[in-house]
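# Fold and geometry: a report
As a plain string of letters, each chain reads:
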Amino acid sequence: MLALSRAGKRLLVEQWHPTHCGHSDMRIAADGTWFHAGTPIGRKELVQLFSTILRREPDGSHVLVTPVEKLDIDVEDAPFIAVDADWESEGPARRILFRLNTDEIVACGPDHALDVRIDADGTPRPYLHVRGGLVALVNRATFYRLADLALAEGAEPPGLWSDGAFFAFGTSDAA
C-alpha cells in the first residue's frame, strides 16, 4: 500500500506574490521530464524541490514562485505524472492513493478529483487534481488498472469511488 508522505510540508506558494522576474529557462515535457536550458534535470531531488514552488496562475500559465521572485516555466501538458495507484476497500468506502513522478502521494477524493476526458479521437486522458489548479496526467498502465477495476464493478457510467466521491470515466471532452 502506498503511504502518504511529506504531508504538511507544502510551501505557501499560494500566499507569495512577488513581481514577475522573467522566464526560468525551464520546461516540463509531456512525459514529465523536467528540463533546464534544454538539458534534462537528472537529480530527482531537484525536481522534487522545484515541484514544491510550482504554481498555476489564473491565466493557466505555470510559474516557479519564491517569496522574492516569480519565473515562468513551460509545461507541455501536465506538470506531474501519476505513475502508480493503490487502493484500499471497495465501492463508496474505497480510497485511491496515487504516487506522482515526484514521489508525492495524493489521495483521490473531493479535493483531488479524477477527471477522465475523452479526446476527439476517443482516447481517454485521465488527470488527477493535485493542488491549486495543478494536475497530474495518469499514466497509461495505471489508468488501465483503474479501468479494469471500474469495469469489473459495472457502474453506469463506468467510474470509481474514492474518499466518498464517484468519478465517472470519460464524460467530458478535452479542451
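Above this note sits the structure.
What counts, and where the lines are drawn
Residues numbered from 1 in each chain as written. Predicted model: local features only at pLDDT ≥ 70, side-chain atom pairs only at ≥ 80, totals over all residues. Heavy atoms only, no water. Helix = DSSP H or I, 4+ residues; strand = E, 2+ residues; numbered from the N terminus. Core = buried A, V, L, I, M, F, W, Y, C linked by side-chain atoms within 4.5 Å. Buried < 20%, exposed > 50% of the residue type's maximum accessible area, 1.4 Å probe, protein only. Contact = heavy atoms within 4.5 Å. Phe/Tyr/Trp six-rings, centres within 6.5 Å; stacked < 30°, edge-to-face > 60°. Lys NZ or Arg CZ within 6 Å of the ring centre and 35° of its normal. Pairing = 2+ DSSP bridges. Arc of directions from axis to C-beta.

### Some points on unusual backbone geometry
Residues apart from glycine generally show negative phi values, whereas peptide bonds are mostly found in trans. For the bond from E156 to P157, the omega torsion is 0°, close enough to zero to count as cis. Positionally, P157 belongs in the loop between α2 (140-153) and β13 (159-162). Even without being glycine, D25 reaches a positive phi, approximately 65°. Checked against the element boundaries, D25 lands in strand β1 (residues 20-28). Phi angles above zero are rare outside glycine, and S89 is one such case at about 70°. Mapped onto the secondary structure, S89 falls in the loop between β7 (80-88) and β8 (95-100).

### Focus on the nonpolar core
Counting residues in each nonpolar core, the largest one holds 38 residues, and the members touching the most others are W34, L54, F98, L114 and F169. A per-element tally of this core places α2 first, with five residues. When neighbours within four sequence positions are excluded, L114 is seen to be in contact with F98, C108, Y127, L128, V138, F167 and F169. Of all hydrophobic cores here, the second largest spans five residues; its members include A78, Y127, V135 and L137.

### Looking at the packing of aromatic side chains
All chains considered together, the criterion is met by three aromatic pairs. Ring geometry for F143 and F169: centres 5.4 Å apart, planes at 45°, overall tilted. Residue F143 is found in helix α2, and its partner F169 is found in strand β14 (residues 165-173); the two are separated by 26 residues along the sequence. Pair check on accessibility: F143 and F169 agree, each one buried. An aromatic cluster is built from F143, Y144 and F169, whose rings are joined through pairwise contacts. When the ring centre of F35 is taken as reference, the NZ or CZ atom of R27 above it lies at 4.1 Å.

### A look at the environment of R95
Considering the arrangement of structural elements, one finds R95 in strand β8. Judged by relative accessible area, R95 falls into the partly exposed class, the value being 25%. Along the backbone, R95 and L151 are 56 residues apart, and their C-alpha atoms lie at a distance of 17 Å.

### Some thoughts on the sheet that holds β1
The strand order β3-β2-β1-β6-β5-β4 describes an open sheet built from six strands, whose pairing is mixed. Edge positions in the sheet fall to β3 (39-40) and β4 (54-56), since each of these pairs with one other strand and no more. One ladder, built from three bridges, connects β1 with strand β2 (residues 34-36); its direction is antiparallel. Along β2, the bridge assignment pairs I28 with W34.

### Let's talk about helix α1 (residues 44-52)
Within α1 the residues assigned to the buried category are V47, Q48, S51 and T52. Relative to the axis of α1, the buried residues are bounded by an arc of 140° and lie together on one face.

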